[in-house]
Amino acid sequence: MAVEIKRSVFKWLVTNEYLLPSNGKDKGAFIELDRRISNQCQGASFLADLLKSRGYHVGDVENLHEDSPAARLYNWNKVCPALKQLGVPLDNDSKSLIIAGDEEVLAELLENTVNALDALHKRGNRTAQRTSEGRQRTSEGRRSRARGDRSDRSEPLSRSPPRTDRSSRAGSREPLDRAERSKSVRNSSDRRRTASPARAPVQDFQLDADEISHARSCQEYLALSLKQSFGVSLQQAMALVTTDTEQLATAVTRGLKEAGLGQYSSGRRTSEMTHGHAFGNVVRWLQHIFATVQVLLRLLTHSPPSLTPVLRALQHGFRSADYDVALWTSRIVARVGYDLSSWSGPGPSGELWRGCWEWFAIPAPLGSGFEALACCHQTHVEVKTSVVSVLAHMIPGNVRNLFARVIPDSFSSAPAALNFLAEYLGPLAANLALRAEMLEDNTVSMLLQRVTADAHDLAPEPTHVAALGLAAEIWKAFPAELDSFGHGLGGGILTLLTRAAVLPRRALAVAGVSGLLLVLEAAVAARQPHAPALFKAIVSLLVEHYTNTWLRTLLLKNTSRLLLAHPRIPVGAVVDATMRQVVVHGVSNRDFDFFMVLSQHPRLDAPAGESMLVAMAHLCGAKHGARPVFTRVAGRVFVSLVGRFHAREAAIESVLALARSTLRLITHRAKTSPGSKSPSSPSSPGKNMDPEDIRAVLSLEVLEKVAHLRLQNINSSLATVVAAALKEVTDETPDGGGGPGLLTLTHRLGLLLSLLQRHRRHSHDE
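All of these numbers come straight from a predicted model, not from anything done at the bench. (Residues numbered from 1 in each chain as written. Predicted model: local features only at pLDDT ≥ 70, side-chain atom pairs only at ≥ 80, totals over all residues. Heavy atoms only, no water.)

S.K.: Which residues make up the overall build of the chain, and what are the values?
M.R.: In terms of helices and strands, the chain carries 38 helices and 3 strands. Taking all 766 residues of the chain together, the buried fraction comes to 48%. Once local pairs closer than 6 in sequence are excluded, the contacts in the chain between residues at least 24 apart make up 71%. Taken as a whole, the chain presents about 37400 Å² of accessible surface, with 52% of it coming from carbon and sulfur. (Helix = DSSP H or I, 4+ residues; strand = E, 2+ residues; numbered from the N terminus. Buried < 20%, exposed > 50% of the residue type's maximum accessible area, 1.4 Å probe, protein only. Contact = heavy atoms within 4.5 Å. Areas by Shrake-Rupley, 256 points an atom, 1.4 Å probe, with all protein chains shown as cover.)

S.K.: Explain the packing of aromatic side chains to me, and be specific about the residues and the numbers.
M.R.: Applying the stated criterion across every chain yields a total of 12 aromatic pairs. Their ring planes at 85° and their centres at 5.4 Å tell us that F370 and F420 sit as a pair that is edge-to-face. Within this pair, whereas F370 is found in helix 19 (residues 369-379), its partner F420 is found in helix 22 (residues 414-429), the two being separated by 50 residues in sequence. Neither F370 nor F420 differs from the other in exposure class; each is buried. (Phe/Tyr/Trp six-rings, centres within 6.5 Å; stacked < 30°, edge-to-face > 60°.)

S.K.: With reference to specific residues and values, describe helix 31 (residues 572-585).
M.R.: Along its 14 residues, helix 31 runs 20 Å from first to last C-alpha, staying within 8% of the 20 Å computed at 1.5 Å per residue. Considered for burial, the residues of helix 31 that qualify are G572, V574, V575, A577, T578, M579, Q581 and V582. On the buried face of helix 31, the contacting elements are helix 29 (531-544), helix 32 (592-599) and helix 33 (606-620). One or two steps after helix 31, the chain reaches G586, where phi turns positive at roughly 85°. (Expected span 1.5 Å × (residues − 1).)

S.K.: A description of the side chain of T662 should follow, citing residues and the corresponding values.
M.R.: Inspection of the secondary structure puts T662 in helix 35 (residues 649-672). Judged by its relative accessible area of 0%, T662 is buried. A polar side-chain atom of T662 sits 2.9 Å from the main-chain carbonyl oxygen of L658. (Polar contact = N/O pair within 3.5 Å; in protein donor to acceptor, adjacent residues only side chain to side chain.)

S.K.: Which residues make up the sheet that holds strand 3 (residues 30-33), and what values do they have?
M.R.: One key point about sheets: their strands pair by backbone hydrogen bonds, in either a parallel or an antiparallel sense. Taken in spatial order, the 3 strands of this open sheet run 1-3-2, and their pairing is antiparallel. Each edge of the sheet is formed by a strand with only one pairing partner; in this case those strands are strand 1 (4-6) and strand 2 (24-27). For this sheet, the mean inter-axis angle between neighbouring strands, taken without regard to orientation, is 35°. Where strand 1 and strand 3 come together, 3 bridges link them in antiparallel fashion. Bridge pairing links E4 to E32 in strand 3. (Pairing = 2+ DSSP bridges. Axes fitted to C-alpha atoms, helices over the stretch in contact; angles between N-to-C directions.)

S.K.: Account for the pairing of strand 2, with residues named and values stated.
M.R.: As defined by bridge partners, strand 2 adjoins strand 3 across 4 bridges and the pair is classed as antiparallel. Paired with K25 across the bridge in strand 3 is E32. Counted between consecutive antiparallel strands, the loop separating strand 2 from strand 3 contains 2 residues, among which G28 sits at a positive phi close to 85°.

S.K.: Let's hear about the environment of K27: which residues, and what values?
M.R.: With respect to the helices and strands, K27 occurs in strand 2. You can call K27 partly exposed: its relative accessible area is 40%. Note: C-alpha distance between K27 and R7 (20 residues apart in sequence) is 9.1 Å.

S.K.: Give a description of the pattern of salt bridges that names residues and reports values.
M.R.: Charged atoms that come close allow side chains of opposite charge to pair. Overall, the coordinates contain 14 salt bridges when judged by the stated rule. Ionic pairing is found between E220 and R216, a salt bridge with its closest N-O pair at 3.4 Å. Residue class for E220 comes out buried when judged on its relative accessible area of 19%. A salt bridge links R552 to D591, with the nearest nitrogen and oxygen atoms 3.2 Å apart. Taken together, the residues R552 in helix 30 (residues 549-565) and D591 in the loop between helix 31 and helix 32 connect sequence positions 39 residues apart. Its relative accessible area of 6% is what places R552 among the buried residues. (Salt bridge = Lys/Arg side-chain N within 4 Å of Asp/Glu carboxyl O.)

S.K.: I'd like a description of the environment of S389, backed by residues and values.
M.R.: Looking at where S389 falls in the secondary structure, it is placed in helix 20 (residues 384-394). In this structure, the C-alpha to C-alpha distance between S389 and P427, residues 38 residues apart in sequence, is 9.4 Å.

S.K.: How would you explain the nonpolar core if you had to name every residue and give the values?
M.R.: Grouped together as the largest cluster of nonpolar side chains are 230 residues, with contacts concentrated most on F360, F403 and F638. It is helix 35 that contributes the most residues to this core, 10 residues altogether. Those residues in contact with F360 that sit more than four places away from it in its chain are S368, G369, F370, L373, V390, L391, M394, I395 and L402. (Core = buried A, V, L, I, M, F, W, Y, C linked by side-chain atoms within 4.5 Å.)

S.K.: So, the environment of V388: which residues are in play, and what are the values?
M.R.: Note that V388 resides in helix 20. Here V388 falls in the buried class, since its relative accessible area comes to 15%. C-alpha of V388 to C-alpha of L428: the two residues are 40 residues apart in sequence and 6.9 Å apart in space. With near-sequence residues (within four places) excluded, V388 lies in contact with Y424, P427 and L428.

S.K.: Which residues make up the confidence of the model for the chain, and what are the values?
M.R.: Overall, the predicted model of the chain reaches an average pLDDT of 78, with 77% of residues at or above 70. In the predicted structure, residues 263-277 sits below a pLDDT of 50 and forms 45 contacts with residues beyond four places in sequence or in another chain. The low-confidence segment residues 676-687, where pLDDT is below 50, has 16 contacts with residues more than four positions distant or belonging to other chains. (pLDDT = per-residue confidence, 0-100.)

S.K.: Please provide a residue-by-residue account of the packing of helix 4 (residues 69-86) against helix 5 (residues 92-100), values included.
M.R.: One can describe the packing of helix 4 onto helix 5 by two numbers: an axis separation of 10 Å at closest approach and a directional angle of 140°. Classified by the angle between their axes, helix 4 and helix 5 sit oblique to one another. For the element pair helix 4 and helix 5, the recorded crossing hand is right-handed. Two secondary-structure elements touch here, helix 4 through P69, R72, L73, W76, N77 and C80 and helix 5 through K95, I98 and I99. (Parallel < 35°, antiparallel > 145°, perpendicular 65-115°, else oblique. Left-handed = near helix turned anticlockwise from the far one by under 90°.)

Given below as structure tokens:
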């Protein structure tokens, strides 16, 4: 949940030091609060602190460690008296909407609270100013009378003009008639909504709860709520519920304009226009139902057969093109499912629960409830949390039936059903009651058998890929339980994923590697015992298929992300394996980001670091390969390793080995040069330099970076080697000839020696 508030409200909160500028993200006319502050706002703790700081008495409010509706309701009941004292009362309907997660109502309440506090503050300042001015005038008058400095005592005191009678003063203003007042209020409301059509003020929900509470049947309940929300007559609303159900379905799914109903362009809308249709009245209808759902449940207990028609009328919201309609439909259905599941048992309550499941699972001419929910999942990806809530409250006692029959029968293709299972298995398994049911009725074993059947080599590629994704989610959700099923680690899932990762078809290889990395990341985060085996499998894949460039890039990129997120992972094995492959098969530019992550990892030990130093020195060497750019990118890793392991003998030897190989090339160039002079500038490599000279210059740059580390033990040895090489080059070319390449190398060599000597003097002075 992320609450968006007006920029002026956020500025007031920042100015008064209730928020930091970093707590908000710019969204144009609004500011989106971060998740922590948004959760505090929904749990009422932010408003409680705000009111307490202004002197209002608020009861003890709990910091919500368990974000449940009951906990939020407790906090809001503590805050409501202070809000009423401030002049911003919160009615029960608005409180229910806020607890259910309506960000718009919460943002409007926060705005009203800030405006009221700001008005009180300004009023107090004006009162204090008038009091100060009155006291000043009184003291000045007393001093004047004490001095007796009135110019003409015989002149009568000037009197203030007579006060105008209140009635005459009131009559001097031309009163607005009702139409003008309505137009003024409407224009003001339109201006307030111009920045965000989705913003709904708290006072906008004009619900006559008393009228709805006297409904005698579910049909009358729906008709009364439609009458209040759509602005239609009771007769027309009853027709929408009984005979014109298709018109109601059109209004919910495509908007009131398409349905031909009036007031589709009402100014009091709460949802933005989608594809040119207004859904504001539909959203308000669903919000009214949610606010009075207890009345609906009471009517259903007296008439259980009415449950299916009510749910059929509501399920159109799952297919709506508007996000808010789908969201509020999910909230209502989840609430009904929760209450009915808690009533399950013999009698009318148990009959209601059975009828609820039949509506949800059994196909019908208009589609089952689950089919409508699946349509919502495909149309509005962002309502996943609400879809999980609906499933969690609809399937208790029927989990295996849902996974084995309802989901496969509701999708037109096997990949779509498998992808739906993969996406929602984890969130549902997080529910302890549903998790226990999945294990008791062997739902996990059934899913594992299906994955094994669909993940064979002859299966169509989309089905195979979807089965691999579901296999990874099963292992991630039930890591400990799968080991008891046999067939190897993870119930045989490790074998499925590793076998797919080496297949020639790229989609299957990506699915296998992604599944392994997904399970590994979850295992490392939870410190599960099979995490080392998974990491070993990743390293084995990296070694065996190192020559496969795209697979190596995929493995290295995701392994880098994993190592950055989890610094506890030991990296010695992966360092040894990759460095051996580097020496044998070479590298590419994309590999060096992974090497840099390894060089900075906290679990990199000295032996692994020394092997990396040797390999990076080899890559930086002047005679390595055909691409001089490797010297520069490998130099970054080399310098990082030298700075970390500079006390080790291997670090000193690696630096000296790199220096000797570079200086050997420079002296060889000096001995074999024709001695000709060049007019080009020695400050930068000329275009006539050969690749070997370029590599030597880049190697000298790496040595300069090592010198800047100011490591005395390394700089002393390096200075001796560089001074000897520079003397030899100068003796061989006393006239400064040798071409542009040798001139540049000699100049850079002199700069390196000067840098080393300067650092040596500074270290002695210190």
